[in-house]
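Below are the chains, spelled out letter by letter.
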Amino acid sequence: MIVLGIETTCDETAAAVVERSDDGRGRILSNVVLSQIEEHAAFGGVVPEIAARAHVEVLDTVIAQAMHEVGLGFDQIDGVAAAAGPGLIGGVIVGLTTAKAIALVENKPLIAVNHLEAHALTARLTDATPFPYLLFLASGGHTQILAVRGIGNYVRIATTHDDAIGEAFDKTAKLLGLGYPGGPLVEQQALHGDVRRFPLPRPMHGRKEADFSLSGLKTALRLEAEAIAPLSDQDVADLCASFQQAVVDVVLDRLRAGLKIFRIRFGAPNALVAAGGVAANQAIRNVLQRLAAEAGTTLVAPPMELCTDNGAMIAWAGAERLALGLTDTLDVAPRARWPLDEIAAAKGALQRTAAYK
Ligand code: KG4
Ligand code: ZN
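Residues numbered from 1 in each chain as written. Chains lettered and ligands numbered in written order. Predicted model: local features only at pLDDT ≥ 70, side-chain atom pairs only at ≥ 80, totals over all residues. Heavy atoms only, no water.

## Quick word on the sheet that holds strand 1 (residues 2–7)
Spatial ordering of the open sheet is given by 3-2-1-4-5, a layout of five strands whose pairing is mixed. The open sheet has two edge strands with one neighbour each: strand 3 (26–35) and strand 5 (110–114). On average, each strand axis in the sheet is tilted by 20° relative to the strand beside it, whichever way the strands run. Bridge count for strand 1 against strand 4 (residues 79–85) is four bridges, and the pairing is parallel. Bridged to Gly5 within strand 4 is Ala81. Against the sheet, helix 3 (residues 89–106) touches strand 1, strand 4 and strand 5, its axis set at about 160° to strand 4. Helix-sheet contacts for helix 4 (residues 115–127) involve strand 1, strand 2 (12–20), strand 3, strand 4 and strand 5, and the interaxial angle to strand 5 is about 95°. (Pairing = 2+ DSSP bridges. Helix = DSSP H or I, 4+ residues; strand = E, 2+ residues; numbered from the N terminus. Axes fitted to C-alpha atoms, helices over the stretch in contact; angles between N-to-C directions. Contact = heavy atoms within 4.5 Å.)

As structure tokens, then:
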């Protein structure tokens, strides 16, 4: 089964062709990603209208290249998948409408993929990870712990009350004048900084529910920076190191709580899976490795280019759905918001807190 996947929910314009064999194994045949980082860098973050226009300009070329690299025509694929949300709605419309056009003209099945579901299923493309597993999804827009129990069967164990982890890295970088995107720059600075110099908080520490909160950490960092301004190079490195260490400690504590909840509700997970751009951070990867060992399971951390947004994950989620006959009609709507676990999202964190106290 060969599926074309299209991703346009944020600032990457991406298309890929993926093959799924009958035994459920996956293979990436092409994977083209065009990043818009330069278009947004001057603004210190993604500007939705600029993103949507940039997707319109390059998406057809990106798709053509993904198809050309495989040497197949549209008539030779088995389905077209596009991320239908959640994300910046202008971009989502561009990708989904393009997929609909191809599906209509070529008379192929359309699969409207949830972007978070695609992150969640990437471990099955790279490592054929069996259900159920615990997913730690940490990007610029999301910080979630999910139980992945089957295709379309996701239970959100935890989310963030305020900022996403990647967002906290980006805001820290902006505050310290490092540039965008902030994660890799903060990580670089932290390499030669002192993790103990600034006593930053570890929000939510020790709570039984596994939710995150990052905004207090961000504020504390700003106050420390303002107190010693103007900042020397060493000050910046020490602030970055102290910040990153606080995040690492938070991830350790929150995931321990998440793993406990997972065990109580679903038994032992088959893996701890990391996804999203933040999983590129080596200090965070190290702590995930430690957590997996502690929990008697293995860490599955897909290669960097599959942790960040890409078309292969959309194509793969499409293939997994198509294999089960889960296709969509041409009137399927793009969605800015689309929680993976709509029920958990509706009930909110409070009830979950009560349940695990
Ligand atoms: O998954 P992604 O490419 O896009 C979405 O946000 O959906 O994640 C990008 C985020 C940015 O906030 C970026 O600063 C963060 O991931 N990031 C990192 C690192 N590399 C990227 N955060 C910490 N350390 C890194 N090395
Ligand atoms: Zn993403």
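## Quick look at helix 7 (residues 215–228)
Taking 1.5 Å of rise per residue, 14 residues should cover 20 Å, and helix 7 covers 21 Å from first to last C-alpha, within 8% of that figure. Among all positions of helix 7, only Leu217, Ala220, Leu221 and Ala225 are buried. Axial view of helix 7: buried residues confined to an arc of 135°, hence all on one face. Lining the buried residues of helix 7 we find helix 5 (165–175) and helix 8 (233–266). (Expected span 1.5 Å × (residues − 1). Buried < 20%, exposed > 50% of the residue type's maximum accessible area, 1.4 Å probe, protein only. Arc of directions from axis to C-beta.)

## Some remarks on unusual backbone geometry
In this structure, Pro86 follows Gly85 across a cis peptide bond, with omega equal to -10°. Within the element layout of this structure, Pro86 appears in the loop between strand 4 and helix 3. The linkage connecting Phe131 with the following residue, Pro132, adopts the cis geometry, with an omega of -5°. Position of Pro132 among the secondary structure elements: in the loop between helix 4 and strand 6 (133–138). Its identity is not glycine, yet Ala128 carries a phi of approximately 50°, on the positive side.

## What about the sheet that holds strand 8 (residues 153–158)?
One open sheet accounts for five strands, arranged 8-7-6-9-10; its pairing is mixed. The strands lining the two open edges of the sheet, one partner per strand, are strand 8 and strand 10 (299–300). Pairing geometry for strand 6 and strand 9 (residues 272–275), over four bridges, is parallel. The residue of strand 9 that forms the bridge with Leu137 is Ala275. Set on the sheet, helix 4 makes contact with strand 6, strand 7 (143–150), strand 8, strand 9 and strand 10; between it and strand 6 the angle comes to about 125°.

## A word on the site of ligand 1
In the region of ligand 1, 17 residues are neighbours, and Gly140, Asp170, Gly183, Glu187 and Gly277 sit closest. Within the backbone of Gly140, one N or O atom sits 2.7 Å away from an oxygen atom of ligand 1. At 2.6 Å, a side-chain N or O of Asp170 approaches an oxygen atom of ligand 1. Protein burial of ligand 1: of its 550 Å² of free accessible surface, 88% is covered by the chains. Looking at the shell around ligand 1, the elements with two or more residues in it are helix 5 and helix 6 (182–190). With four residues, helix 6 is the largest single contributor of residues to the shell around ligand 1. Residues that form the shell around ligand 1 fall into these classes: four nonpolar, 10 polar and three charged. (Near = heavy atom within 4 Å. Polar contact = N/O pair within 3.5 Å; in protein donor to acceptor, adjacent residues only side chain to side chain. Areas by Shrake-Rupley, 256 points an atom, 1.4 Å probe, with all protein chains shown as cover. Nonpolar A, V, L, I, M, F, W, Y, C, P; charged D, E, K, R; others polar.)

## Focus on the packing of helix 5 against helix 6
Between helix 5 and helix 6, whose axes approach to 8 Å, the crossing angle comes to 65°. Here helix 5 lies roughly perpendicular to helix 6, going by the angle between them. As helix 5 packs across helix 6, the resulting crossing turns out to be left-handed. Contacts between helix 5 and helix 6 involve Phe169, Asp170, Thr172 and Ala173 on the former and, on the latter, Gly182, Gly183 and Val186. Broken down by class, the residue content of the contact of helix 5 with helix 6 amounts to three nonpolar, three polar and one charged. (Parallel < 35°, antiparallel > 145°, perpendicular 65-115°, else oblique. Left-handed = near helix turned anticlockwise from the far one by under 90°.)

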